[in-house]
Amino acid sequence: MAGDPFSDDEIADGEQLFEQPWTFVKGVVDLDNLPDSRWPEVAFAGRSNVGKSSLINAVVRQNGLARTSNTPGRTQELNYFAPQSLGFHIVDLPGYGFAKAPKAKVAAWTEFIKDYLSGRPNLARAFVLIDARHGIKPVDRTIMTLLSETAVAYQIVLTKTDKISEKALSEQLATAEREVAKAPAAYPVVITTSSERKTGITELRATLAKIRKDFS
């Protein structure tokens, strides 16, 4: 993770939030069926097979909570998760990019996600997951541009950092930091993670706990 160190109390808040059980709330395919908007929520977005489900499972310490799949585009709905104490949601968005589905269906998903991102008042932050092996692709920039245009704060998270060398990771991190420096809606800190090695998970938990605490 680059920059923005956390205090011991913030780290403790993050651990406390994710020591309790988390549950799957619902899968949403229609914006009319979104959960109550009183609670803050964060959304995880990324290309198909970027490791969203694996990262969410690592954060909540529950391997089977978010379903993982080797089939790109399997997640076709907004999947909501909440802690036992309630008051907060994590949202797993459908993977974008190279989904194996009819073009009309992919277009419908895309429009659905755009409507969600632009119209959800309690969306505190979107996390744009980038596979560290491949870096930021044009389709990622499309989502980042959409988030900026709709004034949704977002933060880049590099995933699968255990799959590349330290030198390659440093280069990808520098590239991501240059990207966010140009984007007014982007949070300046880029988080580097590995679901397998649990790298960056503590910092991501602290980030989420702080978002929940600061939301008003």
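Just so it is clear, the model here is predicted, and its values are computed rather than measured.

Caption draft 1: Examining the sheet that holds strand 5 (residues 123-131) more closely. The strand order across the open sheet formed by seven strands is 1-3-4-2-5-6-7, and the pairing between neighbours is mixed. Since the sheet does not close on itself, it has two edges, and those belong to strand 1 (22-28) and strand 7 (191-192), each with one partner. When strand 6 (residues 154-159) meets strand 7, the two strands line up parallel, connected through two bridges. Its bridge partner lying in strand 7, Val157 is registered against Ile191. Running over the sheet, helix 5 (residues 166-181) touches strand 6 and strand 7 and is turned about 170° from strand 6.

Caption draft 2: Region of the structure containing the layout of surface pockets. By volume, the second largest pocket is sized at about 300 Å³. Considering the residues around the second largest pocket, the lining is formed by 17 residues, among which Tyr96, Gly97, Thr110, Val139 and Ile143 are closest to the centre. Residue assignment for the lining of the second largest pocket shows that the elements contributing at least two residues are helix 3 (103-119) and helix 4 (138-149). Considering every element that reaches the lining of the second largest pocket, the biggest residue donor is helix 3, with six residues.

Caption draft 3: Quick peek at helix 4. Here helix 4 contains 12 residues, and its C-alpha end-to-end distance of 16 Å stays within 8% of the 16 Å for a straight helix at 1.5 Å per residue. All of the buried residues along helix 4 are Asp140, Ile143, Met144, Leu146 and Leu147. With its buried residues spanning 155° around the axis, helix 4 presents them on a single face. Exposed residues on helix 4 whose side chains face more than 90 degrees from its buried face are Pro138, Thr142 and Glu149. Packing partners of the buried residues in helix 4 comprise helix 3, strand 5, strand 6 and helix 5.

Caption draft 4: Representation of the pairing of strand 3 (residues 78-83). The element strand 3 is extensively covered by neighbouring structure, given that six of its six residues are classed as buried. Pairing between strand 3 and strand 4 (residues 89-92): three bridges, direction antiparallel. Its bridge partner being in strand 4, Tyr80 is matched across the sheet by Val91. Taking the residues between adjacent antiparallel strands as the criterion, strand 3 and strand 4 are bridged by five residues, where Leu86 takes a positive phi near 60°.

Quick notes on the rules
- Residues numbered from 1 in each chain as written.
- Predicted model: local features only at pLDDT ≥ 70, side-chain atom pairs only at ≥ 80, totals over all residues.
- Heavy atoms only, no water.
- Pairing = 2+ DSSP bridges.
- Helix = DSSP H or I, 4+ residues; strand = E, 2+ residues; numbered from the N terminus.
- Contact = heavy atoms within 4.5 Å.
- Axes fitted to C-alpha atoms, helices over the stretch in contact; angles between N-to-C directions.
- 1 Å grid on protein atoms, 1.4 Å probe; cavity = no way out; pocket = protein on both sides within 12 Å on 5 of 7 lines; lining within 4 Å.
- Points joined across faces, edges and corners; volume = space filled by probe spheres on them.
- Expected span 1.5 Å × (residues − 1).
- Buried < 20%, exposed > 50% of the residue type's maximum accessible area, 1.4 Å probe, protein only.
- Arc of directions from axis to C-beta.

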